[in-house]
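Each chain, letter by letter, is given below.
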Amino acid sequence: MPLENVTINRICLHEVHRRSDAGGVVRPTYGTGLLALSQEALGAFRSRVVAAFKSTAQCMEMAIREYGDGSVITNGVHLVSAADPDFVQHSRVFADALANAQGSRQIPGGLMVVFDGTLGHPATSFFGLMKAELHEGFIKTNDLQARFVSDLFLSPKTKLYKIGLFVSNGLNPRPNLPDGWAAVVYDSAMTASQRDNAATYFHSTFLGLDVPANAAQQVKKFFEQTRAFIRATDLPEEQKVDLYNGLYTYLKLDRGNTIQTSRFAETYMDDVLAEDYIRHMRQQRFPGGAVAKDITEISGNLRLRKFKFPRAITLTGPPDAVRDLVTVEAINGEDGAAWTQITIRGRIEAQE
């Protein structure tokens, strides 16, 4: 979900602490006023937020599950219309909610960054909730010495932050919640091979969001439209075989928890083909951001890789075995006929 025409209006910081040795919630340290930033610093903050949502595999649009009294979305809607002093006071509820959501001492503390603003054309309001973990580093002093600090956050190279962004559709009067609002989450752990509690406690427990219920249908569409694209290309059969193998590998064998068209293209295609593929998927209205990898609707398709030849001759096998043991090449046969040469790195074990 790329962000355009972003303006940051107000920012407030609170600090959320790791749970106590006994496992109890430690009361957050609350900020007492709006964060006063220079134009340069405000621009840097804005750039961090915009960069996070540039359709990377770490972003996902989510469904708003909790929208009753006391929910993040309800408190956020009140926050957007609050005066500055009320903004600071009211933003404390998010620090409290995050502290309660961090259910284990294994989850580190950090800064709860509450901010609002406008984005898009025409501009509509949004509010954002960021957890930025503190990290260590060195600061250069004027005499070319260095000072060690342990409370840096949002430096350009660090990915130690998570963001929940709630965007209004700009309609008035406002419909009943959650109608009229969309939620998208950035989390650097989004594509980890094994999701830890860090991803879940933030988007589910704290923000009250769920992975969209249509994830399985989206993955099915990805599978079908990618196959259609490969089939329609004028690539040699050997390259098509490689792309099909890549598709099966990406969906069945890759241990990531999300899929994304740009990531598939970067991994398995050259630049020209990747550009054509991304354009094709965009024309099919497939999301540019990450989609949860729910393969329940295509699990049967992924079980076996299949090649069909004339007169009902078929070669089938598990995708990983086909990838590792089978080579398929188009060759010229007798009288210039198009033949296929199949090499299987193994002997016949049985036949019927």
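Attention here is on the structure that accompanies the text. Remember, it's a predicted structure, so these values are computed and weren't measured experimentally.

### Describing the packing of aromatic side chains
The full count for this structure, using the stated rule, is 15 aromatic pairs. Within the aromatic cluster, the residues linked to one another by ring pairs are F222, F229, Y250, F264, Y268, Y277 and F286.

### Points about the environment of Q225
Relative to the elements of secondary structure, Q225 occurs in helix α6 (residues 215–232). Note: C-alpha distance between Q225 and M281 (56 residues apart in sequence) is 7.2 Å. With sequence-adjacent residues up to four places away left out, Q225 is seen in contact with H280, M281 and Q284.

### Looking at the sheet that holds strand β10 (residues 209–210)
Sheet architecture is open: eight strands sit in the order β2-β1-β4-β5-β8-β9-β3-β10, paired in antiparallel fashion. Edge positions in the open sheet fall to β2 (29–30) and β10, since each of these has one partner strand only. Bridge analysis of strand β5 (residues 124–132) against strand β8 (residues 161–168) gives seven bridges, and the strand direction is antiparallel. Bridging from a neighbouring strand, F127 pairs with F166 of β8. Relative to the sheet, helix α1 (residues 39–52) contacts β1 (7–16), β3 (59–64), β4 (110–119), β5, β8 and β9 (181–187), its axis offset from that of β1 by approximately 85 degrees. Contacting β1, β2, β4 and β5, helix α4 (residues 92–101) crosses the sheet at an angle of about 45 degrees to β1.

### Notes on the packing of helix α8 (residues 261–268) against helix α9 (residues 271–283)
When two helices pack together, their arrangement is given by the angle between the helix axes and the distance between those axes. Look at α8 against α9: their axes get within 9 Å of each other, and the N-to-C directions meet at 160 degrees. The angle between α8 and α9 places the two elements in the roughly antiparallel class. Crossing angle aside, the handedness with which α8 passes α9 is right-handed. Between α8 and α9, the contacting residues are T261, S262, F264 and A265 on the first element and A274, Y277, I278 and M281 on the second. When the residues that make up the contact of α8 with α9 are grouped by side-chain class, the tally is six nonpolar, two polar and no charged.

### A look at α8
Those residues of α8 not exposed but buried are T261, F264 and A265. In a view along the axis of α8, the buried residues occupy a sector of 100 degrees, so they form one face of it. Of the residues in α8, the exposed ones pointing more than 90 degrees away from the buried face are E266 and T267. Turning to α8, the residues buried within the fold contact α6, α7 (237–253) and α9.

What counts and what doesn't
- Sequence order as written defines residue numbering, which begins from 1 separately in each chain.
- In view of the model being predicted, local features appear only for residues whose pLDDT reaches at least 70, and side-chain atom pairs are presented and counted only at 80 or more, with totals across whole chains, interfaces and linings using the full set of residues.
- Processing note: side-chain calculations cover all non-hydrogen atoms of the structure and skip hydrogens and water entirely.
- Ring geometry is summarised as follows: Phe, Tyr and Trp rings, the Trp one being its six-membered ring, pair when their centres sit within 6.5 Å, and such pairs are stacked at plane angles under 30 degrees, edge-to-face over 60 and tilted between the two.
- In DSSP terms, a helix is any run of H or I states spanning at least four residues, a strand is any run of E spanning at least two, and both are numbered starting from the N terminus.
- The contact criterion used throughout is that any non-hydrogen atoms of two residues lie within 4.5 Å.
- Whether two strands pair depends on DSSP finding at least two bridges between them.
- Lines are fitted to the C-alpha atoms to define the axes, a helix being fitted only along its stretch in contact, and any angle between axes, read from their N-to-C directions, falls within 0 to 180 degrees.
- Each angle receives one of four descriptions, namely roughly parallel if under 35 degrees, roughly antiparallel if over 145, roughly perpendicular if within 65 to 115, and oblique otherwise.
- Take the far helix as the reference: if the near one is turned anticlockwise from it by less than a right angle, the crossing is left-handed, and if turned clockwise, right-handed.
- When residues are grouped by polarity, Ala, Val, Leu, Ile, Met, Phe, Trp, Tyr, Cys and Pro land in nonpolar, Asp, Glu, Lys and Arg in charged, and all others, Gly among them, in polar.
- For each residue, the accessible area found with a 1.4 Å probe, counting protein chains only, is set against the maximum for its type, and the residue is called buried under 20%, exposed over 50%, and partly exposed in between.
- The directions from the helix axis to the C-beta atoms form the arc being described.

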